[in-house]
Every structure is written in C-alpha cells, then in structure tokens.
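# Understanding the architecture of this molecule
Chain by chain, the residues run as shown.
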Amino acid sequence: MEEDTDFRIRFSSLCFITDHVGFRGTIKSSPSDFIVIEIDEQGELVNKASDKPVYKVTKVLPEPNNLAKKAKLDLQILSFEETSNQEVSTLAGSSSEDHNFVPCSEMEDTIKDRTYKGEEESVDVLGSLLDEKTNELLNQFACDIKEKWDSKTELTGPSPEFSLGRILDKNQRATLHSAIRQKFPFLITVGKNCEIVVRPNLEYKELCHLVSEEEAFDFFKYLDAKKENSKFTFKPDTNKEHRKAVHHFVNKKFGNLVETKSFPELSDSADNPNVVITVRFRVKAHKHWKRSLLECQGRKDTYTAFTLRKENIEMFEAVGFLAVKLGVIPSDFSYAGLKDKKAITYQAMVVRKVTPERLKNIEKEVEKKRMNVFNIRPVEDSLRLGQLKGNHFDIVIRNLKNQINDSANPRERILEAIENVKNKGFVNYYGPQRFGMGRKVHTDQIGLALLKSETVKAVKLFFTPEDLDDPVNRAKKYFLQTEDAKGTLSLMPEFKVRERALLDSLHRFGITEEGCIQAWFSFPHSMRIFYVHAYSSKIWNEAVSYRLATYGSRVVEGDLVCLDEDADNEQLPSSKVHLVTEEEESANTYAIHQVVLPVLGYNIQYPKNKVGQWYQEVLSRDGLQTCKFKIPTLKLNVPGCYRKILKHPCNLSYQLMEDHGIDVKKEGSHIDEATLSLLISFDLDASCYATVCLREIMKHDF
C-alpha cells in the first residue's frame, strides 16, 4: 500500500513557474484560518444575505468538449445504458419461437397494434419536434437495427448510433427521450451536452432470447413509463428452469428498480401448473425514479436554494447528513463546486423535492454538526458543477519563517514572493485535497481501478483503514478481513453515510464484480465520476510539471494554446484550442499563459511534441493504453477537457500581523519571527486551488 509520504514526495517534485526564494509557514492551524466563500455567476459572494425572495438559477447550456464534470450525462432521462457488446447465449428452457423478430416492413404496424395508451401521442410528438428528414432518418435507423437482429447478425465494433442533433430546450429533450423509447423500446436514448443520441438497446435483444418479442417490447415500455402502482406480467410458463432464467435476467439488469414474483394461475392443475411472473416497481426505487412524461404533466419538482456554511466537515458527508434529515437522497442535492474539509466554507446549493419551510425546520439540528443553512428560497432549477465565477479566500499563515539558510528580512521575502506571483501567476495544479492527501489510499487510485473496471479492487481501496483506532477504521479493518458487509454495517457509525450506503448494497448484491458494480450505484453520479476525475487530475499535474521541466516558459511547436483569452478554466471547446506550428514558435506568436494541456478523456487531442509522447507512456504504464474513458457498467463517460497551465490570483491583498493582532507592516518596526503571521486574501477562478497558489508564493509544500 502506498504511504502518504510517497504522495508528498510526488507533489513536492512538481515544478514552479516563479524563481523567488519564498518562506515557510503553517496553514489551516484551525478551520477559521482558512475561509472559502463561493462567488456566484453574478460576481456576488454567496455568504451575503439574498435580497431576492425568489432567485432564478441561471441556465447555461454547456458547449461540446467541456470538462467531464460539467458535461454530465442526463442520467435522469437515460433509461438504460448500453451493455458490453458480448454474445448472449440462449438460456435453458427458451423455445425457438421466442427468438422471432418482427420484420422491418411490419414494424410500424406492429407498434401501432401494441396497446399502450399515449402511444399515438408519442408518434405525434416525434412528428411535431423533429423535422421530416430527421424523423425519416430515425425510422430508417430503427429499421436497420431490426433488420440486423432479424438476420441474426451480431453488431460488431462500436455500437451504431444516430444523433438527433443538439436540442437546447431541456423540456423538449425530455419529451423526445420519452417519445422515442415509447415508440421504439428496442432503442435507448442518451444525453450528450444537449445532444440526443439513439442506440440499440442490447438488453432488449438479450431478453428476446428468453421471451417472445411481444413480451420484450411491452416489458421495456412498462419500465420506461414507470407508472406508479403498475405491474407487468409475462405470459404463463410451465417450465421452472425457464422461469428462473427470466427472474435472473430481470433482477440482474433492473433489480434496483423492480422486483419479480411468480404466481400460479388459479385454473391450472396441481401436477403441471401454469405460472406467471409478475414485475412490480420497488416502492423505494420508484419513489426516487423520474416520473413518466404523462405523470409529470401539470406537476413540477420543487427546488429550494440555500447557502451552506460548514466547518471542518467533508462536503459529501455534509450532503449525506442533510439528505438523511430531509428524507431525500444525496443525488437530490446540486452544487457548483466541491469545498475543502479543514476550513470554514460557504457555498450555494439547491435541493430537489424539499420546500423552503421544510429546510428551515432542520436548522437547529444542522447547527449541531457545525453547519448552517441560510438564504433559503425557492428557485426554478438545480445547479450544475462549474456554475460559479470562482471563490474568495481569507487565509491566515502562521509561524512565518525564512527558508533554511536564508538570512534575508522576512518582510522583504514575503513582499517579493507575493508581487512575483501577482505578476507571473502560478502553475495551475490540482490541489492535494483533490486526492485525499493524508490517507493511505488516494482518490486517484480508486479512480484508476474504476477506469480499469476493477470494481472489487475499487471497493477494497475505498475501505482501506487508516492507522487509527476509532470506530470507523475498526469497521473498515473488519470488512477487509472478513468481507462481511452486514457485520461491518453494524459497526460503521451512522454519520458515515457513503460507507453505509456502499455496505448496504454489498450486503444485498454480494462482493463479486457484478455485486460491486451495483454497489457503486449507491453513490450519486457526481460522486462516482469524482474518483475518475481524480486520476485524470493527477496525470494532468504530472504532465504540466514535465512540460515546464522540458520546455520552460517557451511556447514550442506541438504545444496546444487557447485562442480565447476570456475562456473559463476547463471550459475550452476544441475549436478554441490550436496546435502551435514551427513558424509560430519561431515568431513567438504565443505566450506561456495561453498554453493548455488536456485532462484525460475520449474527446481530446494531445500535444504533438515530447509532452504528447509522455502522455502515451503514462497511459501504457497504468494499463490504460486501450482505455476509451467510457465505463458503461457504471454509466460514466469522461470526454476530457483542456486546462490552462498558468493562472493569476485577483484582488490580492495582505497584512502582516503578530499573533496578538498587532499590525507589523509599518517601516522600522521590530519583528519577532516566531510570532509573525500573514493574513492574505484573494479571488481565484473556478477549479483553481488556494493551496496551490500559496505553494507557489511560499515555495513550500504543506
């Protein structure tokens, strides 16, 4: 197991961009020494009292190729992610007539004959929202898929897909998703940055190996409709082994959503009874699943915005606590960015399905956890990651001292360092807190395991205990020794919401690859992809350090540069990224602050120089040379993005003080170095780290 000292060595080896001497000091002596206040899109600090009773959250449509965490899949309207392209063998007991598919020429008539109320409305919706050409191409795509399946042709290579283009209106996208899946249950729809992509539903085809296509057709329509208190019944079946195969398929694929039971038909003989399999939505699962379009007509989700103040508590733990108290799930919370644990932080949040009054009712309970909720108000929509302008920091650095063997005046060293970073900026590394510094296992290690589909290893890494004798680490140690999820659950403290959710799922599904896949779904999408982003962030840090060590501040041929000076950090479309030519290097066309490097994903280009070669070598080293940065089993897609290698702090101010609060900045005052502290304030863009800026200023690792 990699110790944290190794992480410190790796982080301390990262290059600087400035050349001053720096100084030493201590940060985060207490949470009050590190205050973080989010800056919203209007440039306002979120800890200020809101003067608006109703605050409409700005809807910003992401452009293609944004950062993966911003370009999230529309998972609420994604019915079923595609499975791996593997051959599905016919299970025992399925009859040959069950494998018949509807001919393409008869498909339209067959669809119209099947009885689901609202079907004709689905066809009409497609005609009203899609132009005639797109509608025609969609029908042709559906026919082509059916013809391939009818001919028993396996779909080899990448799964075929058809794009409907970008649909900017969220409600129109939701309507199209539902209408397509109702008309063509053998297709699935996926949201990609406002684009709707249609693909074959391989689970539909797999079910057709077990039951008639008519049953498969109606079953997937039933799943998609998600009608409350409804049930679906397969045709009567006398073959027990075949019924077991159907039970197994449904529970393996959709066990977190539905449950199956067998019932004998009343008129059958006892010797050879006809038994029907009935499918019902699980009450808990259905409660949190997105309602069907017809159910939602005239009804709208409730959204409540608030500012969360927390002190010395991890953000995911805070969200888990609030979820329990409000009776919702963690994925009902949305936020613009992640915040430090050992700090006092203020951030905007929106919770779904909770009224402002209900949130106000738990204020007293929340305060007991060193948290506060205020600026509570109704809004119209959720927040998304990256929906902020940046963060403001008020930081106290204590016990200031010169670097070893440096006899210069400490005040001069501090002034030199601050002015140098104000002018030249700092290397825009991801901060150590992104990787869980201080722990035996870091988030990037879990992310690498997930990228390699090693879900059991990822679970065990997650439960690796620290060298501490407390209830949490005793529970983790017990789990790794016994793999007894139920027993560990009884030992794990109630406040460890994530750990308990994972254990509960492991107890239910087992500690196998398939069971661990299901267990990871106990985490919301934002938390699952957080670990994958951590690995990508670690590689980016090492890449930019290699880039600066190899080429310094020169912009060289093969570098990638950003052509949009006003582009946000990590929000650079590929059209704004340019590959530097030999002529442009000779003419010094670009400056170092324009250079960007890719954050790993499936939709990025690499530099065409030694840095690009370095990326390929590292991916090969980590066993990812063939990785497509898509994990269908976990519904994780990582498009990647581009990140500027340098950033500048804004509105920077500072004050030198003694620990007793005496201002010592004045000329001629005598300073006792042991009592000197620095109060420094500045603003950073979204996705920039204050600890990284301080590292550049101080030339000191924390």
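Presented here is a report on the structure given in the accompanying data block. (Residues numbered from 1 in each chain as written. Predicted model: local features only at pLDDT ≥ 70, side-chain atom pairs only at ≥ 80, totals over all residues. Heavy atoms only, no water.)

### Points about the sheet that holds strand S6 (residues 231–233)
With antiparallel pairing, three strands are arranged side by side in an open sheet as S6-S8-S7. Edge positions in the sheet fall to S6 and strand S7 (258–264), since each of these pairs with one other strand and no more. Neighbour to neighbour, the strand axes of the sheet diverge by 25° on average, direction disregarded. Where S6 and strand S8 (residues 275–281) come together, three bridges link them in antiparallel fashion. (Pairing = 2+ DSSP bridges. Helix = DSSP H or I, 4+ residues; strand = E, 2+ residues; numbered from the N terminus. Axes fitted to C-alpha atoms, helices over the stretch in contact; angles between N-to-C directions.)

### Digging into the packing of aromatic side chains
As enumerated under the stated definition, the model contains 29 aromatic pairs in all. Relative to Phe254, the ring of Phe219 lies with its centre 6.0 Å away and its plane at 50°, an arrangement referred to as tilted. Here Phe219 is found in helix H7 (residues 213–225), whereas its partner Phe254 is found in helix H8 (residues 240–254), with 35 residues between them in sequence. A relative accessible area of 3% means that Phe254 is categorised as buried. Ring plane angle 90° and centroid distance 5.2 Å describe the contact between Phe462 and Phe463, whose orientation is recorded as edge-to-face. The pair formed by Phe462 and Phe463 is uniform in burial state, with each residue classed as buried. Directly above the ring of Tyr602 sits Lys630, whose terminal nitrogen or CZ lies 4.5 Å from the centroid. Cation over ring: Arg643 sits above Trp540, and NZ or CZ is 5.3 Å from the ring centre. (Phe/Tyr/Trp six-rings, centres within 6.5 Å; stacked < 30°, edge-to-face > 60°. Buried < 20%, exposed > 50% of the residue type's maximum accessible area, 1.4 Å probe, protein only. Lys NZ or Arg CZ within 6 Å of the ring centre and 35° of its normal.)

### Section: the sheet that holds strand S16 (residues 577–579)
Across the sheet, four strands lie side by side as S16-S15-S17-S20; this open sheet has antiparallel pairing. Pairing within the sheet leaves two strands with one partner each, and these edge strands are S16 and strand S20 (641–644). Going across the sheet, the axis of each strand differs from the next one's by a mean of 50°, ignoring polarity. Pairing between strand S15 (residues 560–562) and S16: three bridges, direction antiparallel. Residue pairing across strands places Val561 opposite His578, the latter belonging to S16.

### A short note on helix H14 (residues 410–424)
In this model, H14 (15 residues) spans 21 Å end to end at C-alpha, consistent with the 21 Å of a helix rising 1.5 Å per residue. Among the structural elements, strand S1 (23–26), strand S13 (390–402), strand S14 (426–427), strand S22 (650–658), strand S23 (676–685) and helix H24 (690–698) are those in contact with the buried residues of H14. The N-terminus of H14 is capped by Asn409, whose side-chain oxygen sits 2.7 Å from the backbone nitrogen of Arg411. Of the residues trailing H14, Gly425 is marked for its positive phi of about 85°. (Expected span 1.5 Å × (residues − 1). Contact = heavy atoms within 4.5 Å. Polar contact = N/O pair within 3.5 Å; in protein donor to acceptor, adjacent residues only side chain to side chain.)

### Observations concerning the pattern of salt bridges
Enumeration over the complete set of coordinates arrives at 29 salt bridges. Across the pair Asp19 and Lys424 runs a salt bridge whose closest N-O atoms are separated by 3.9 Å. Highlighted residues: Asp19 in the loop between helix H1 (4–12) and S1 and Lys424 in helix H14, separated in sequence by 405 residues. Relative accessible area serves as the criterion here: at 63%, Asp19 is assigned to the exposed category. With a relative accessible area of 39%, Lys424 lands in the partly exposed category. Salt-bridge contacts for Asp224 lead to Lys226; the nearest nitrogen and oxygen are separated by 3.8 Å. Exposure class is identical for Asp224 and Lys226. Each is buried. Salt bridges here are not isolated pairs; linked through shared partners, they connect Arg181, Asp224 and Lys226. (Salt bridge = Lys/Arg side-chain N within 4 Å of Asp/Glu carboxyl O.)

### Side note on the packing of helix H15 (residues 443–451) against helix H21 (residues 525–551)
H21 packs onto H15 with a crossing angle of 105° between their chain directions and a minimal axis gap of 7 Å. It follows that H15 is roughly perpendicular to H21 by the angle criterion. Note on element contacts: H21 touches H15 through Arg528, Phe530, Tyr531, Val532, Ala534, Tyr535 and Lys538, opposite Thr443, Asp444, Ile446, Gly447, Leu448, Leu450 and Leu451. Considering only residue class, the contact of H15 with H21 consists of nine nonpolar, two polar and three charged. (Parallel < 35°, antiparallel > 145°, perpendicular 65-115°, else oblique. Nonpolar A, V, L, I, M, F, W, Y, C, P; charged D, E, K, R; others polar.)

### Here's the deal with the pairing of strand S9 (residues 303–311)
Among the nine residues of S9, eight are classified as buried, and the element is accordingly described as predominantly covered. Two strands pair when backbone bridges link them, and S9 and strand S12 (residues 371–379) are joined in this way by seven bridges, in the antiparallel orientation. The residue of S12 that forms the bridge with Tyr303 is Val379. Judged from the nine bridges that link them, S9 and strand S11 (residues 344–352) form a sheet pairing that is antiparallel. Looking at S11, one finds that Thr307 is bridged to Ala348.

### Let's talk about the environment of Arg384
Relative to the helices and strands, Arg384 resides in the loop between S12 and S13. Using a relative accessible area of 15% as the deciding quantity, one classes Arg384 as buried. Residues Arg384 and Ala336, spaced 48 residues apart in sequence, show a C-alpha to C-alpha distance of 5.4 Å.

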